Amino acid sequence: MRELSAEARLHFYARQVSRKSGAGIHTAALYSAFAVIAAIVFGTLSVHPF
């Protein structure tokens, strides 16, 4: 197996990290969207307009 240069190793590592963090960001966005929807639903159910 050939030896990678430092720049190639850094680029490869950065791509792996961005791929992992991208999935984490999507998961966090999905959960936060569900949390906002749940907060709106529970907030509207708890209000007594009459």
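Structure's up top.
We now turn to the structure provided with this report. (Residues numbered from 1 in each chain as written. Predicted model: local features only at pLDDT ≥ 70, side-chain atom pairs only at ≥ 80, totals over all residues. Heavy atoms only, no water.)

1. Structural notes on the overall build of the protein
So, step 1. Secondary structure summary: the protein contains one helix and zero strands in total.
So, step 2. Out of the 50 residues in the protein, the part that is buried amounts to 0%.
So, step 3. Accessible area for the protein stands at about 4,900 Å²; split by element, carbon and sulfur atoms hold 71% of it. (Helix = DSSP H or I, 4+ residues; strand = E, 2+ residues; numbered from the N terminus. Buried < 20%, exposed > 50% of the residue type's maximum accessible area, 1.4 Å probe, protein only. Areas by Shrake-Rupley, 256 points an atom, 1.4 Å probe, with all protein chains shown as cover.)

2. A word on a nonpolar patch on the surface
So, step 1. A cluster of nonpolar side chains, Leu30, Tyr31, Phe34, Ile37, Val41, Phe42 and Leu45, forms an exposed patch at the surface whose accessible area comes to about 810 Å².
So, step 2. Secondary-structure assignment places phenylalanine 42 in helix α1 (residues 6-46). (Patch = residues over 30% accessible without salt bridge, like charges linked within 9 Å, V, L, I, M, F, W, Y side chains within 5 Å. Salt bridge = Lys/Arg side-chain N within 4 Å of Asp/Glu carboxyl O.)

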